[in-house]
Amino acid sequence: MLRTMPGIRRKTLLVVLALGFAVGTVGAADEVADLVVDELQKERVALGLAPLERRADLDAVALERARAIAAMPHAERLGYEEPIGDRLRAAGSRPFQSASAHVDMVKGYRHPENGLVKSWREYRTSWDHVLDAEYTGIGAASQRADDGFVIFVSVLVADMKIPSDPRPIEVGIFEAVNAVRERDGLPGLAEVPELSAVARRHSEDMLRRNFLSHVNPDGDDVAVRVERAGFQNYFKVGENIHKSRGAKDAVAFAVEQWMGSPGHRNTMLDADYVRTGVGVAIAEDGTLYFTQLFLSPDRSR
């Protein structure tokens, strides 16, 4: 809603617009954005939270958005909704767990930063992001439009926590799947290191060659892979695979997805299976590839 002078229009968006219009800046060093960010940092520190990292890549995305909005007709300025995540990835920002964008407009303030902070505080859904401990980085920019409105855009991100060791995730899958089986009245599976090695090689292959399938590009399916590893006299073999990026709990998310798929669920809850192997591969961008193998008694061992 547009108020009487000094006026404010605000909207919090999970969007950013990728257009490159140029209009007059508020100041060469963008003092308005700097002062707003300083106020946010004070609020976080007062609550015992770590200050947000001011990042040049996020500033650039915020500036692009602010310039685009300032160049639009006033009635159209808040009408675009491109996901902020897509824009950040296109800009080459480092992997993030979550992201949000905040857009504000003020007019008639001698010190626009005061109106922007006041408006932001009143919009609790967006202000809660500022005070969320999970958010770690911020970018901000402002532009003055021809009609006198100062456009302010901020981008907040929570950096993705990329694990360096896949083994804790593998153990988590093993334990979570056994818990599901036991709740269903089935005995837990015994982990076989040689099976885990087969599973891990398949996950690493999916990562390296960028596919998600039970059959690799060479045509090898799960039976070929386990037999090549020395498992010959088994009754039957099954396999669950999964790929995810950015899940807060990657193990829980993988098992949830498997439970929601009839084929994967049936494999997990098949009473014939008594042995298992779990292998996880971690990409540089935080993408996780999962493989879990299920095997009936192997009479050769």
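For the structure itself, consult the block above.
Predicted model, so just to flag it, every value in this text is computed and none were measured. (Residues numbered from 1 in each chain as written. Predicted model: local features only at pLDDT ≥ 70, side-chain atom pairs only at ≥ 80, totals over all residues. Heavy atoms only, no water.)

Colleague: Now, about the overall build of the protein: what can you tell me, with residues and values included?
Modeller: Tallying secondary structure elements over the protein gives ten helices and nine strands in all. When each of the 301 residues of the protein is scored for burial, the buried share is 47%. When the accessible surface of the protein is split by element, carbon and sulfur atoms take 52% of a total near 14100 Å². (Helix = DSSP H or I, 4+ residues; strand = E, 2+ residues; numbered from the N terminus. Buried < 20%, exposed > 50% of the residue type's maximum accessible area, 1.4 Å probe, protein only. Areas by Shrake-Rupley, 256 points an atom, 1.4 Å probe, with all protein chains shown as cover.)

Colleague: So what's going on with the packing of aromatic side chains? Which residues, and what values?
Modeller: Applying the stated criterion across every chain, the model contains three aromatic pairs. Arranged with centres 5.8 Å apart and planes meeting at 45 degrees, the rings of Tyr 273 and Phe 294 form a pair that is tilted. Of this pair, Tyr 273 sits in the loop between helix H10 (262-268) and strand S8 (275-282) while Phe 294 sits in strand S9 (residues 288-295), and the two are 21 residues apart along the sequence. For the pair formed by Tyr 273 and Phe 294, the shared burial category is buried. Through a chain of ring-to-ring contacts, the aromatic side chains of Trp 120, Trp 127 and Phe 152 assemble into a single cluster. The cationic tip of Lys 236 hangs over the ring face of Tyr 273; the distance from NZ or CZ to the ring centre is 5.4 Å. (Phe/Tyr/Trp six-rings, centres within 6.5 Å; stacked < 30°, edge-to-face > 60°. Lys NZ or Arg CZ within 6 Å of the ring centre and 35° of its normal.)

Colleague: How would you sum up the environment of Glu 191? Please name residues and give values.
Modeller: Position of Glu 191 among the secondary structure elements: in strand S6 (residues 190-191). Under the relative-accessibility criterion, Glu 191 is labelled partly exposed at 25%. In this structure, the C-alpha to C-alpha distance between Glu 191 and Arg 275, residues 84 residues apart in sequence, is 5.8 Å. A distance of 3.1 Å separates polar atoms of two side chains, one belonging to Glu 191 and the other to Arg 167. Here Ser 196 takes part through its side chain, which lies 2.8 Å from a polar atom of the side chain of Glu 191. (Polar contact = N/O pair within 3.5 Å; in protein donor to acceptor, adjacent residues only side chain to side chain.)

Colleague: Can you tell me about the pairing of strand S3 (residues 96-107), naming the residues and giving the values?
Modeller: A large share of S3 lies buried, amounting to nine of its twelve residues. With ten bridges connecting them, S3 and strand S5 (residues 150-159) associate as antiparallel partners. In the strand pairing of S5, Ser 98 is matched with Ala 158. (Pairing = 2+ DSSP bridges.)

Colleague: Account for the side chain of Gln 292, with residues named and values stated.
Modeller: Of note, Gln 292 is situated in strand S9. Among the polar contacts made by the side chain of Gln 292, one reaches the side chain of Thr 276 at a distance of 3.0 Å. Sequence-distant contacts of Gln 292, that is, excluding residues within four places in its chain, are made with Ile 173, Val 177, Leu 189, Gly 238, Glu 239, Asn 240, Trp 258, Thr 276, Gly 277 and Val 278. (Contact = heavy atoms within 4.5 Å.)

Colleague: How would you sum up the nonpolar core? Please name residues and give values.
Modeller: If you look at the biggest cluster of nonpolar residues, it comprises 21 residues, and the most contacted ones within it are Ile 84, Leu 88, Val 155 and Val 157. Within the residue set of this core, elements represented by two or more residues are helix H2 (56-71), helix H3 (84-90), S3 and S5. If one sorts the elements of this core by residue count, H2 sits on top with six residues. Within the second largest apolar cluster, 20 residues are counted, among which are Val 177, Ala 250, Val 278 and Phe 294. (Core = buried A, V, L, I, M, F, W, Y, C linked by side-chain atoms within 4.5 Å.)

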